[in-house]
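Structural overview
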Number of protein chains: 4
Amino acid sequence: MGHLNIPVILGTGRLGRRSEAVARLAVDELKERGVVTSLIDVADFGLTATATPGAGTSLDVYREMVAAADGFIIVAPEYNHGYPGELKMLLDADYAGYGLKPVGVISVSAGLLGGVRMFEQLIPVLTALRLIVVPGVHVPEVEKALADGRFASASLQDVFSSMVDEVLRLAPELRAVRQRLEA
Amino acid sequence: MGHLNIPVILGTGRLGRRSEAVARLAVDELKERGVVTSLIDVADFGLTATATPGAGTSLDVYREMVAAADGFIIVAPEYNHGYPGELKMLLDADYAGYGLKPVGVISVSAGLLGGVRMFEQLIPVLTALRLIVVPGVHVPEVEKALADGRFASASLQDVFSSMVDEVLRLAPELRAVRQRLEA
Amino acid sequence: MGHLNIPVILGTGRLGRRSEAVARLAVDELKERGVVTSLIDVADFGLTATATPGAGTSLDVYREMVAAADGFIIVAPEYNHGYPGELKMLLDADYAGYGLKPVGVISVSAGLLGGVRMFEQLIPVLTALRLIVVPGVHVPEVEKALADGRFASASLQDVFSSMVDEVLRLAPELRAVRQRLEA
Amino acid sequence: MGHLNIPVILGTGRLGRRSEAVARLAVDELKERGVVTSLIDVADFGLTATATPGAGTSLDVYREMVAAADGFIIVAPEYNHGYPGELKMLLDADYAGYGLKPVGVISVSAGLLGGVRMFEQLIPVLTALRLIVVPGVHVPEVEKALADGRFASASLQDVFSSMVDEVLRLAPELRAVRQRLEA
């Protein structure tokens, strides 16, 4: 049935963003598992407050990547108990391409709660986009969370690995469902 | 005790934004009531996905406006059941200046639900910023909501007027509270 | 593959509840479409503030109904912008039985917003239970919403019908997915 | 101006509830600070799924306690990423008595995230009730969180103490505001 394509969306563009290393870890994990992946970096699309996400913009590339994907991993920090604005702008640039695809979210924070409030706010948005949200991964104290390209905490590494398992378990099933329903 | 200063934050920068007329209506209402106000337009701060909201940027102006305010009215549309990314980026540019000030939110949508889901998602964020959220105004079918600089619906005009009443009722009280607590 | 079984959960037990007529309408619609269904009435399980939802209680019946279901329709009003407590108590009585089944929610209110805030709060809970949430139906001004066993508004009837379509479209597909994954 | 009255609402009635010890700790702390307090136990009001919270019920007592209060502390666990149903039923039993009073929430969980998702879901409900929500306290791994009538973790004890400070700082100010506005 062909390889799975699961891009990783990095949802913060701020200078010094700690989430980037987590996103690269997720890309590496997917590659090790034989999945086609790429990093969709929110910083790469020229998003501005006045940009309208219409056709003929750099966001066409984003929409093509979404259309080609079988699922997603989103990595993003929590700002003031919500999601980063730039992540929302990027997600809002498409609508049709997300439907019935699985998404795993890795929330990131400098604090003890691992950005889980960001994830909770994202769930209704992702549901509005018809994505299927699997249980998330919440990374506390991100500045010391990684070691040697893995999560330093064995239990966090397990949670992450289970999340990837679940996305990869659902992705081919849901691809088959989409194909049958659209046939 | 001096005049009240209640700026109106316009929380979408998209071309053709319908929320702008609603924001201007709110500015006019505040002026008619003798309140000092101004339009804080999210489009005016050069926000981009890679901008870090640090000192020495155009966001210093925003932070000064927040510090000088006695309360806020926010006008914004709902996108995919959440808040506009550019509004979140602007709100995230300050932290200390919001505390114990009242905020009224006018949510806007082309649909029948008036953007209330946007408002519900915004409440935990505004609470994290220590703003005091009064009951909101939800504007459905925005393209036909205004007539002659007022809301075309008398009941919506009443809800709007009550929201402004409540912000203006709380603003001087909370200013006095802040002054006593900081003394 | 056998008939689909889609119970309707009535999520309020208050005397005079308007949601009951909406739930009965949903039961009738499912029956007309040849689906096996039943009304799971939150009032029927002896729920109290001190009841612990363990084995050997009337909630065993609920758990059996959940286990046997291929999907769900939930009908509930909004109270103070959240979900009814009794609905939450009932949902919390199971965990394992919901996974990868579709759920459509019909929110109900006496006001103009159709209880959509209740639905938004329910989405993260339903996602935690691993249900797959399809786009909801929001019934405003419930006291005049029904006529002759249908929604009085043709557009609301269409939205309701599309929601049922989507639950019935996904239910057999997801049943097959569950069977394959558990095999 | 008279003593402050800050009851503690215990928001779970389940057998073996760990939140009770946390609620008793909050009662003790308030008493040590010279505040009038009491434990409002959700288990004490005969709440059932079919009870309507009208006049002439045991909930009249609850409404009198709410009316007499200058603020609240709520202690409750997280169930399936939301609030306990019995807590919502109790909160829904009043409306008018909460307005412009401060509330501090202590969320409790057996897991690492301290029940913060419960708190995030509660914020829009408490805001609908016109309560003023101060920053919360999130108690992870509750079974080992307490020692000698305090939080075992010094940093958690500090967060708790700051939350109580903030409720007690705002309560007399907001009482004065209510009195002026109602005069």
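Residues numbered from 1 in each chain as written. Chains lettered and ligands numbered in written order. Predicted model: local features only at pLDDT ≥ 70, side-chain atom pairs only at ≥ 80, totals over all residues. Heavy atoms only, no water.

1. Describing the overall build of chain A
Each helix and strand counted, chain A has five helices and eight strands in total. For chain A, the spread of C-alpha atoms along the principal axes amounts to about 45 × 40 × 25 Å. The buried share among the 183 residues of chain A stands at 63%. Accessible area of chain A: about 6600 Å², with a carbon and sulfur share of 53%. Each charge class in chain A can be summarised by its mean position, and for the 17 positive and 22 negative side chains these summaries are 2 Å apart. (Helix = DSSP H or I, 4+ residues; strand = E, 2+ residues; numbered from the N terminus. Buried < 20%, exposed > 50% of the residue type's maximum accessible area, 1.4 Å probe, protein only. Areas by Shrake-Rupley, 256 points an atom, 1.4 Å probe, with all protein chains shown as cover. Lys, Arg positive; Asp, Glu negative; His and termini not counted. Charge placed at Lys NZ, Arg CZ, Asp CG, Glu CD.)

2. Examining the interface of chain A and chain C
Opposite the 18 residues of chain A that make contact, chain C presents 18 residues. Both faces considered, chain A and chain C share a buried interface measuring about 1700 Å² in area, 64% of it formed by carbon and sulfur atoms. Per-residue buried area on chain A facing chain C is highest for R130, E173 and L181 of chain A; these three make up 31% of the total on that side. Salt-bridge contacts for R130 of chain C lead to E166 of chain A; the nearest nitrogen and oxygen are separated by 2.9 Å. Among the elements of the structure, helix 4 (116-128), strand 5 (132-133) and helix 5 (154-182) of chain A are those that each provide at least two residues to the side of chain A that touches chain C. Looking at the side of chain A that touches chain C, its residues break down into 11 nonpolar, one polar and six charged. (Contact = heavy atoms within 4.5 Å. Buried area = accessible area lost by both parts, 1.4 Å probe. Salt bridge = Lys/Arg side-chain N within 4 Å of Asp/Glu carboxyl O. Nonpolar A, V, L, I, M, F, W, Y, C, P; charged D, E, K, R; others polar.)

3. Here's the deal with the relation of the copies chain A and chain C
Once chain A has been moved 0.0 Å along the axis and rotated by 180 degrees, it coincides with chain C to within an RMSD of 0.0 Å. The transformation relating the two chain copies, once decomposed into turn and shift, fits a two-fold axis. (Least-squares fit on C-alpha atoms with pLDDT ≥ 70 in both.)

4. A closer look at the relation of the copies chain A and chain B
Note on the copies: chain A fits chain B at an RMSD of 0.0 Å, the axial shift is 0.0 Å, and the rotation between them is 180 degrees. A shared binding surface is used by both copies, with 100% of the interface residues of chain A retained as interface residues in chain B.

5. Structural notes on the packing of helix 5 of chain A against helix 5 (residues 154-182) of chain C
Look at helix 5 of chain A against helix 5 of chain C: their axes get within 11 Å of each other, and the N-to-C directions meet at 145 degrees. Judged by the sense of rotation from one axis to the other, the crossing of helix 5 of chain A with helix 5 of chain C is right-handed. Two secondary-structure elements touch here, helix 5 of chain A through R169, L170, E173, L174, V177, R180 and L181 of chain A and helix 5 of chain C through R169, L170, E173, L174, V177, R180 and L181 of chain C. (Axes fitted to C-alpha atoms, helices over the stretch in contact; angles between N-to-C directions. Left-handed = near helix turned anticlockwise from the far one by under 90°.)

6. Focus: the interface of chain A and chain B
On the side of chain B, 29 residues touch chain A, which itself brings 29 residues to the contact. Both faces combined, the contact of chain A with chain B buries some 2300 Å², and carbon together with sulfur accounts for 51% of it. By the criterion of area lost to chain B, the three top residues of chain A are A49, N80 and Q121 of chain A, representing 26% of everything that side buries. The interface formed by chain A and chain B includes zero salt bridges. Connecting chain A to chain B are 12 residue pairs in polar contact (both at pLDDT 80 or more). Sorting the residues of the side of chain A that touches chain B by element identifies helix 3 (85-91) and helix 4 of chain A as the ones contributing at least two each. Looking at the side of chain A that touches chain B residue by residue, the class counts come to 15 nonpolar, nine polar and five charged. (Polar contact = N/O pair within 3.5 Å; in protein donor to acceptor, adjacent residues only side chain to side chain.)

7. Focus on the confidence of the model for chain A
When pLDDT is averaged across chain A, the result is 95; 99% of the residues are at 70 or more. Prediction confidence for the complex, expressed as pTM and ipTM, is 0.97 and 0.96 respectively. (pLDDT = per-residue confidence, 0-100.)

8. Thoughts on the side chain of Q157 of chain D
Residue and element names in this part refer to chain D. Its location among the elements puts Q157 in helix 5 (residues 154-182). Residue class for Q157 comes out buried when judged on its relative accessible area of 7%. Setting aside chain neighbours within four positions, we find Q157 in contact with E29, R150 and F151.

9. Observations concerning the packing of aromatic side chains
Residues and elements named next belong to chain D. Within this structure, the stated rule accounts for 14 aromatic pairs over all chains. Where F45 meets Y62, the ring centres are 5.9 Å apart and the plane angle is 80 degrees; that geometry is what we call edge-to-face. With F45 in the loop between strand 2 (39-41) and helix 2 (59-68) and Y62 in helix 2, this residue pair connects regions lying 17 residues apart in the sequence. Just as F45 is buried, Y62 falls in that class too. (Phe/Tyr/Trp six-rings, centres within 6.5 Å; stacked < 30°, edge-to-face > 60°.)

10. Observations concerning the pattern of salt bridges
Taken as a whole, this structure holds 56 salt bridges over all chains when the rule is applied. A salt bridge links K88 of chain B to D92 of chain B; its shortest N-O distance comes to 2.9 Å. Both residues of the pair, K88 of chain B and D92 of chain B, belong to the buried class. R17 of chain C is paired through a salt bridge with D41 of chain C; the nearest N and O atoms lie 2.6 Å apart. Taken together, the residues span a long stretch of sequence, with R17 of chain C in the loop between strand 1 (8-10) and helix 1 (19-32) and D41 of chain C in strand 2 (residues 39-41) at a distance of 24 residues. When sorted by exposure, R17 of chain C lands in the same class as D41 of chain C, which is buried.

11. Thoughts on the nonpolar core
Nonpolar side chains tend toward joint burial in soluble globular proteins. Ranked by internal contacts, the top residues of the largest apolar core, which has 124 residues, are Y62 of chain A, Y62 of chain B, Y62 of chain C together with Y62 of chain D. Those residues in contact with Y62 of chain D, other than ones at most four positions away along the chain, are I9, I40, F45, L90, L91, A93, D94 and Y98 of chain D. (Core = buried A, V, L, I, M, F, W, Y, C linked by side-chain atoms within 4.5 Å.)

12. A word on helix 1 (residues 19-32) of chain D
Residue and element names in this part refer to chain D. Between its first and last C-alpha atoms helix 1 spans 20 Å; for 14 residues at 1.5 Å apiece the expected length is 20 Å, and the two agree. Burial in helix 1 covers these residues: S19, V22, A23, L25, A26, V27, E29 and L30. Following helix 1 by one or two positions, G34 has its phi on the positive side, about 80 degrees. (Expected span 1.5 Å × (residues − 1).)

13. Some remarks on unusual backbone geometry
All names here are of chain A. Phi is positive for L100, which is not a glycine, with a value near 60 degrees. Along the chain, L100 turns up in the loop between helix 3 and strand 4 (102-108). Overall, L100 belongs to the buried group, its relative accessible area being 10%.

14. Topic: the pairing of strand 4 (residues 102-108) of chain B
Within a regular strand, side chains alternate between the sheet's two faces. Residue and element names in this part refer to chain B. By the criterion of burial, strand 4 is predominantly enclosed, with seven of the seven residues buried. Residues P102, G104, I106 and V108 line one face of strand 4 and the alternating positions V103, V105 and S107 line the opposite face, and both faces are buried. Across six bridges, the pairing between strand 3 (residues 72-77) and strand 4 is parallel. Bridge pairing in strand 4 places P77 opposite V108. Of the pairings in the sheet, the one linking strand 4 to strand 5 (residues 132-133) comprises two bridges and is parallel in character. Across the sheet, residue V103 finds its bridge partner in strand 5, namely V133. The handedness of the strand 4 to strand 5 crossover, carried by helix 4 (residues 116-128), is right-handed. (Pairing = 2+ DSSP bridges. Right-handed = clockwise from strand over helix to strand, strands pointing away.)

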